[in-house]
Amino acid sequence: MTAFRTLYSAAPEGTWAAPGRVNLIGEHTDYNDGLVLPVALPHTTRLQARRREDGLLRLHSTRGGEGITTLDLDGLTPGGTKGWAAYPAAAVWALRNAGHVVAGADLLIDSDVPEGAGLSSSAALECAVVTAYNDLYHLGLDGVRLARLAQHAENAYVGVPCGIMDQTASMSCREGHALLLDTRDLTTRQVPLDLRGAGLRLLVIDTRVKHDLADGAYAKLRAGCERAAELLGLPALRDLTAAALPGALQRLPEELRPLVRHVVTEDDRVRHATALLDAGEPAGLGPVLTAGHASLRDDYRVSCPETDLAAATAEDAGALGARMTGGGFGGSVIALVRADRADPVTAAVTAAFAAAGHAPPRVFAATPADGARRIA
Ligand code: ADP
Ligand code: MG
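Cut-offs and rules
- Residues numbered from 1 in each chain as written.
- Chains lettered and ligands numbered in written order.
- Predicted model: local features only at pLDDT ≥ 70, side-chain atom pairs only at ≥ 80, totals over all residues.
- Heavy atoms only, no water.
- Helix = DSSP H or I, 4+ residues; strand = E, 2+ residues; numbered from the N terminus.
- Buried < 20%, exposed > 50% of the residue type's maximum accessible area, 1.4 Å probe, protein only.
- Contact = heavy atoms within 4.5 Å.
- Areas by Shrake-Rupley, 256 points an atom, 1.4 Å probe, with all protein chains shown as cover.
- Lys, Arg positive; Asp, Glu negative; His and termini not counted.
- Charge placed at Lys NZ, Arg CZ, Asp CG, Glu CD.
- Core = buried A, V, L, I, M, F, W, Y, C linked by side-chain atoms within 4.5 Å.
- Phe/Tyr/Trp six-rings, centres within 6.5 Å; stacked < 30°, edge-to-face > 60°.
- Domains from an automatic or database assignment.
- Buried area = accessible area lost by both parts, 1.4 Å probe.
- Salt bridge = Lys/Arg side-chain N within 4 Å of Asp/Glu carboxyl O.
- Axes fitted to C-alpha atoms, helices over the stretch in contact; angles between N-to-C directions.
- Parallel < 35°, antiparallel > 145°, perpendicular 65-115°, else oblique.
- Nonpolar A, V, L, I, M, F, W, Y, C, P; charged D, E, K, R; others polar.

### Some words on the overall build of the chain
Phase 1 of the analysis: Each helix and strand in the chain was counted, giving 11 helices and 13 strands.
Phase 2 of the analysis: Taking the principal axes of its C-alpha atoms as reference, the chain extends roughly 60 × 50 × 40 Å.
Phase 3 of the analysis: For the chain, the proportion of its 376 residues judged to be buried stands at 56%.
Phase 4 of the analysis: Excluding contacts between residues fewer than 6 apart, the proportion of contacts in the chain whose partners are at least 24 apart in sequence is 72%.
Phase 5 of the analysis: Accessible surface, the chain as shown: approximately 14,800 Å² in total, 50% of it carbon and sulfur.
Phase 6 of the analysis: The chain carries 36 positive and 44 negative side-chain charges, and their two centres are separated by 1 Å.

### Describing the nonpolar core
Phase 1 of the analysis: Within the largest apolar cluster, 46 residues are counted, with the highest numbers of intra-cluster contacts made by Leu 57, Leu 95, Leu 107, Val 129 and Tyr 133.
Phase 2 of the analysis: Taken together, the elements giving at least two residues each to this core come down to strand E1 (14–23), strand E3 (38–52), strand E4 (56–61), helix H2 (86–97), strand E6 (104–111), helix H3 (121–136), helix H4 (143–158) and helix H5 (165–172).
Phase 3 of the analysis: Contacts of Leu 95, omitting those with residues within four sequence positions, involve His 100, Val 102, Val 130, Tyr 133, Leu 139, Leu 141 and Leu 149.
Phase 4 of the analysis: In terms of nonpolar packing, the next biggest core, distinct from the first, is built from 40 residues, Ala 214, Leu 252, Ala 310 and Phe 329 among them.

### A word on the packing of aromatic side chains
Phase 1 of the analysis: All chains considered together, the criterion is met by four aromatic pairs.
Phase 2 of the analysis: With a centroid separation of 5.4 Å and an interplanar angle of 50°, the aromatic rings of Trp 93 and Tyr 157 are classed as tilted. A residue pair is termed long-range when its members are at least 10 positions apart, and Trp 93 in helix H2 and Tyr 157 in helix H4 qualify at 64 residues.

### Quick notes on the domain arrangement of the chain
It is common to report an interface's size as the accessible area lost on association of the parts.
Phase 1 of the analysis: By the assigned domains, the chain splits into domain 1 (2–191) and domain 2 (193–365).
Phase 2 of the analysis: Look at where the C-alpha atoms of domain 1 and domain 2 centre, and you get two points 26 Å apart.
Phase 3 of the analysis: The partner domain 2 presents 43 residues to the 33 residues of domain 1 that form the contact.
Phase 4 of the analysis: Carbon and sulfur atoms make up 61% of the area that domain 1 and domain 2 hide from each other, which totals about 3,000 Å².
Phase 5 of the analysis: Considering only the side of domain 1, the residues that lose the most area to domain 2 are Ile 25, His 28 and Tyr 31, jointly responsible for 22% of the buried surface there.
Phase 6 of the analysis: Put simply, domain 1 and domain 2 have four salt bridges between them.

### Things to note about the pattern of salt bridges
Phase 1 of the analysis: On inspection of all chains with the given rule, the structure shows 21 salt bridges.
Phase 2 of the analysis: Here Asp 54 makes a salt bridge to Arg 52, at a shortest N to O gap of 2.6 Å.
Phase 3 of the analysis: The salt bridge involving Arg 222 is made with Glu 226; its shortest N-O contact spans 3.9 Å. Pair noted here: Arg 222 and Glu 226 are both in helix H6 (residues 214–232), with a separation of four residues, about one helical turn.
Phase 4 of the analysis: Judged by relative accessible area, which is 25%, Arg 222 ranks as partly exposed.
Phase 5 of the analysis: Salt bridges sharing common partners tie together Arg 50, Arg 52, Asp 54, Arg 58 and Asp 106.

### Some words on unusual backbone geometry
Phase 1 of the analysis: Phi angles above zero are rare outside glycine, and His 28 is one such case at about 60°.
Phase 2 of the analysis: With respect to the helices and strands, His 28 occurs in the loop between E1 and strand E2 (35–36).
Phase 3 of the analysis: Residue His 28 is classed as buried on the basis of its relative accessible area of 5%.

### What about the packing of H6 against helix H8 (residues 257–278)?
Angle between the axes and distance between the axes are the two parameters that describe a pair of packed helices.
Phase 1 of the analysis: At their nearest, the axes of H6 and H8 sit 10 Å apart, and the two run at 85° to each other. With respect to H8, the element H6 is oriented roughly perpendicular. Between H6 and H8, the residues in contact are Leu 221, Gly 224, Cys 225 and Ala 228 and Leu 259, Val 260 and Val 263, respectively.
Phase 2 of the analysis: Tallied by class, residues from the contact of H6 with H8 come to six nonpolar, one polar and no charged.

Here it is in structure tokens:
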């Protein structure tokens, strides 16, 4: 990694880290005021930073090519920054836009969070920047507020209509825990998840594909959910209980029914998963993951051949359960396996991808890690 001092001719004031995440269960619920249950990955985006007095934001990422990108803070406008620099620019813009008095900085960014794999490298980057700024400029903001600012940065400045899960996970997760987040009131609870103690591994299978459908489909699905809630006279689909689901489905046009069924059953799967973890039975998550995948594949229809193949192959090779994680149309699959099945499942998925003519997937075991923090 290029040394900060070589780039900027001065020492950094500190180093911060913010992780990527996987969502155990609760997919496409975050824009329906529902529940999600992510864990932070041990993979982080690290940021070295020092303040500047002249209103310039200078950026270098080990993934962003040579040289330094220089931006004038007063010139930042939503949609106005090209390429990866939009993410850190967005984070600083969001702080200033919310009225926080901050000036420029020199930033050096390094990361081992896989990019574009549905593991939220974008949130890791935004959260690293707002966390560093919070410390450097003594803003005193808590994790919930920083997560909202980072989300606003991505929504309003970068132009990606993501929900609040990714940034909250990157800010607030704790080692050895999953984070139960209620996206309606943003309350969170740390739910113990000792995978190693239970003899389990959580495999993350990055399929390395991202189908173009994703952006347009997301907006359409979101609009469908909003319309269904409106037709049912509810503030959000969160307000429909599983008991009331059959009656509600009768009152909806046919094309909206599977969407509603997914969202309502998915919220229930989050509750069920949380109860299993609270009871110290993480192995019980397996069937919940598998049911979640079926719902995403058959009702929400956001899976794709690669994610379906990874999930099915993992189960055939002995996983307790598996599902795609993230928005869909590619990205990553998670598989819960007993420790002694981690290697056979990895080998089986890799072989199945080769046989189907897909590029090799990247597979690693994730242990629930800490959220954003200062590390030096
Ligand atoms: P995901 O969040 O699932 O990884 P996104 O498409 O939301 O995928 O965000 C990926 C984008 O975030 C990259 O294309 C890049 O612009 C930016 N990004 C993430 N991490 C870094 C990094 N370490 N350095 C530079 N840009 C990054
Ligand atoms: Mg992202």
